[in-house]
Amino acid sequence: MQPSVTRWKTLVRTTALSLLAVVAAAGVGTGPARAADGNVAWTVRTASNSYGEARSSYSYNVNPGGAVEDAMVVANRGPAPLTLAVYAADGFTTDAGQLDLLTRDKKSVAVGAWVKASAGSVVVQPGKTAQVPFTINVPANATPGDHVGGILTTLTQADQAEGINVDRRLGIRISLRVGGELKPNLAIENLHVTYDGSSNPLAKGDATVAYTIRNTGNAALSGKQAVSVSGPFGVLRARAGDIAAPPQLLPGESWDVTVPVRGVAPAVRLAATATVTPLLTDASGSTTSLRTVEATAHGWALPWTVVLALVVLIALVVGAYLYRRRSRTQRRAREDARVRDAVAQALGGREPKTS
């Protein structure tokens, strides 16, 4: 086997470059999603039908056991025929707060498993478009609430220079609300506060409040946040500035938050309070504010100079106590010796007899 072939097999791996039509949900744009690489270019968009025209994504309300039929339109902007694989996948929120879809080698259990395209691939001629019909079959035992995924077109190309396969993906978001009792809820978990003071025991310092927002309900939610830090009994309260809203969290997802609070008085014992007002968005795009959830945690706010002074004071108190105890012991020993000497002299230098 030639060395170049060995290197190719050693370096072959798959990477994914995703461009989803879900960007409209983040306010980036509303046009068709587009992918281009040299002479290869294509776009995807929703089909115009009874569900609407020029939709930026797919959104449905379906009861368990129900079905939906729709289509995606693929356009070839390149000079050569284009063959694209078609599949569906579940969605998830990335660490950057963006929606992404599982790669084809990952197992989907909701939208990605319920969506079936009419074919596993589509061939689009140069300058032409092709419709890809698909059906969503919601199981009768599907969990009520929000499920998010997408339908994708993919093109795998070999990068000879890097010795890898590049999987380029282009798809459209599918938001599916399964009928049943909707239980939207966010929870605040693992709340804690730390304090960073100055050498001046009377000067204000900064606090850092950290916590996790978890979607414990069955609806996709964002939220408005507020954080404050106060001393005992709510005195000397300091409030954080504007806090960026978390991304829309899918059921079961969580989001870590760290909030700086400036100008916090060193009130010895701090109370940090975080509140989150869940925001529920319906299919029409209307947003409703739900009941606010709140959590409180406590922490210490002692300037290091005060801590040092306390340590020195405790050391002095302990030292004085030990010194006094030692002095009493020594005095008692001297008194006992004096008594023994006095008894010995009274007996004429003879040791007292014991019975």
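Residues numbered from 1 in each chain as written. Predicted model: local features only at pLDDT ≥ 70, side-chain atom pairs only at ≥ 80, totals over all residues. Heavy atoms only, no water.

Caption draft 1: Inspection of the overall build of the chain at higher detail. In terms of helices and strands, the chain carries three helices and 20 strands. Per-residue burial over the chain gives 38% buried out of 355 residues. The long-range fraction of contacts in the chain, counting pairs at least 24 apart against all pairs at least 6 apart in sequence, stands at 70%. (Helix = DSSP H or I, 4+ residues; strand = E, 2+ residues; numbered from the N terminus. Buried < 20%, exposed > 50% of the residue type's maximum accessible area, 1.4 Å probe, protein only. Contact = heavy atoms within 4.5 Å.)

Caption draft 2: Layout of a nonpolar patch on the surface. The grouping of Val268, Trp300, Leu302, Leu310, Leu313, Ile314, Val317, Val318, Tyr321 and Leu322 at the surface amounts to a nonpolar patch, some 960 Å² of accessible area in total. Here the element with the most residues in the nonpolar patch is helix H3 (residues 304–346); it accounts for seven residues. (Patch = residues over 30% accessible without salt bridge, like charges linked within 9 Å, V, L, I, M, F, W, Y side chains within 5 Å. Areas by Shrake-Rupley, 256 points an atom, 1.4 Å probe, with all protein chains shown as cover. Salt bridge = Lys/Arg side-chain N within 4 Å of Asp/Glu carboxyl O.)

Caption draft 3: Structural detail: the environment of leucine 249. In this structure, leucine 249 sits in the loop between strand E16 (238–239) and strand E17 (254–264). The sequence separation of leucine 249 and threonine 216 amounts to 33 residues, and the corresponding C-alpha distance is 9.9 Å. Setting aside anything within four residues of it in sequence, one finds leucine 249 in contact with Ile213, Asn215, Ala219, Ala220, Leu221, Ser254 and Trp255.

Caption draft 4: Region of the structure containing the packing of aromatic side chains. For the structure shown, the criterion picks out three aromatic pairs. Centroid distance tyrosine 58 to tyrosine 60: 6.3 Å. Interplanar angle 10°. Geometry classified as stacked. For the residue pair tyrosine 58 and tyrosine 60, the accessibility class agrees, reading buried in each case. Aromatic pair tyrosine 58 and phenylalanine 134: ring centres 5.1 Å apart, planes at 80°, arrangement edge-to-face. With tyrosine 58 in strand E4 (residues 58–62) and phenylalanine 134 in strand E10 (residues 129–137), the pair connects residues that are 76 residues apart, well separated along the chain. Neither tyrosine 58 nor phenylalanine 134 differs from the other in exposure class; each is buried. (Phe/Tyr/Trp six-rings, centres within 6.5 Å; stacked < 30°, edge-to-face > 60°.)

Caption draft 5: View of unusual backbone geometry. A positive phi angle, close to 60°, is found at phenylalanine 233, a residue other than glycine. Examined against the element boundaries, phenylalanine 233 turns out to sit in the loop between strand E15 (221–230) and E16. Located in the positive-phi region is leucine 236, a residue other than glycine, with phi close to 55°. Mapped onto the elements of the fold, leucine 236 is located in the loop between E15 and E16.

Caption draft 6: View of the nonpolar core. With 33 residues, the main nonpolar core has Trp42, Tyr60, Ile136, Ile174 and Leu176 as its most contacted residues. Broken down by element, this core gets its largest block of residues, five residues, from strand E12 (residues 164–178). Judged by nonpolar contacts, the second largest core, of 31 residues, contains Leu191, Tyr211, Ala295 and Ala297. (Core = buried A, V, L, I, M, F, W, Y, C linked by side-chain atoms within 4.5 Å.)

Caption draft 7: Broad picture of the side chain of arginine 169. Inspection of the secondary structure puts arginine 169 in strand E12. A distance of 3.0 Å separates a polar side-chain atom of arginine 169 from the backbone oxygen of leucine 101. A distance of 3.0 Å separates the side chain of arginine 169 from the backbone oxygen of leucine 102, its partner in a polar contact. (Polar contact = N/O pair within 3.5 Å; in protein donor to acceptor, adjacent residues only side chain to side chain.)

Caption draft 8: Structural detail: the layout of surface pockets. Put simply, the second largest pocket is a space of about 210 Å³. What lines the second largest pocket is a set of 15 residues, among which Asp146, His147, Val148, Leu250 and Pro251 lie closest to the centre. When contributions to the lining of the second largest pocket are tallied by element, the ones reaching two or more residues are strand E6 (82–93) and strand E11 (145–159). Ranked by the residues each element gives to the lining of the second largest pocket, the list is headed by E11, at four residues. Taken together, the residues that form the lining of the second largest pocket break down as seven nonpolar, five polar and three charged. (1 Å grid on protein atoms, 1.4 Å probe; cavity = no way out; pocket = protein on both sides within 12 Å on 5 of 7 lines; lining within 4 Å. Points joined across faces, edges and corners; volume = space filled by probe spheres on them. Nonpolar A, V, L, I, M, F, W, Y, C, P; charged D, E, K, R; others polar.)

Caption draft 9: Region of interest: the environment of tyrosine 211. Along the chain, tyrosine 211 falls in strand E14 (residues 205–215). The exposure class assigned to tyrosine 211 is buried, which follows from its relative accessible area of 2%. Distance from tyrosine 211 to asparagine 190, taken between C-alpha atoms, is 5.2 Å for residues 21 residues apart in sequence. In contact with tyrosine 211, other than residues within four places in its own chain, are Ile188, Glu189, Asn190, Leu191, Gln225, Val227, Trp255, Asp256, Val257, Val259 and Ala274. A polar atom in the side chain of tyrosine 211 sits 2.6 Å from the side chain of glutamine 225.

Caption draft 10: Seen up close, the environment of serine 284. With respect to the helices and strands, serine 284 occurs in the loop between strand E18 (268–281) and strand E19 (287–289). Given a relative accessible area of 63%, serine 284 falls into the exposed group. For the pair serine 284 and serine 59, spaced 225 residues apart in sequence, the C-alpha separation works out to 9.3 Å.

Caption draft 11: Here's a closer look at the pattern of salt bridges. Per the stated rule, a full pass over the model turns up seven salt bridges. One salt bridge in this structure joins glutamate 181 and lysine 183, with 4.0 Å as the shortest N-O distance. Arginine 262 is the salt-bridge partner of aspartate 206, the closest N and O atoms lying 3.4 Å from each other. Of this pair, aspartate 206 sits in strand E14 while arginine 262 sits in strand E17; the two residues are 56 residues apart in sequence, bridging distant segments of the chain. Judged by its relative accessible area of 56%, arginine 262 is exposed.

Caption draft 12: Spatial organisation of the confidence of the model for the chain. Confidence along the chain averages 86 in pLDDT terms, with 84% of residues attaining 70 or more. A low-confidence stretch, residues 1–18 (pLDDT under 50), is modelled with 31 contacts involving residues beyond four sequence positions or located in other chains. (pLDDT = per-residue confidence, 0-100.)

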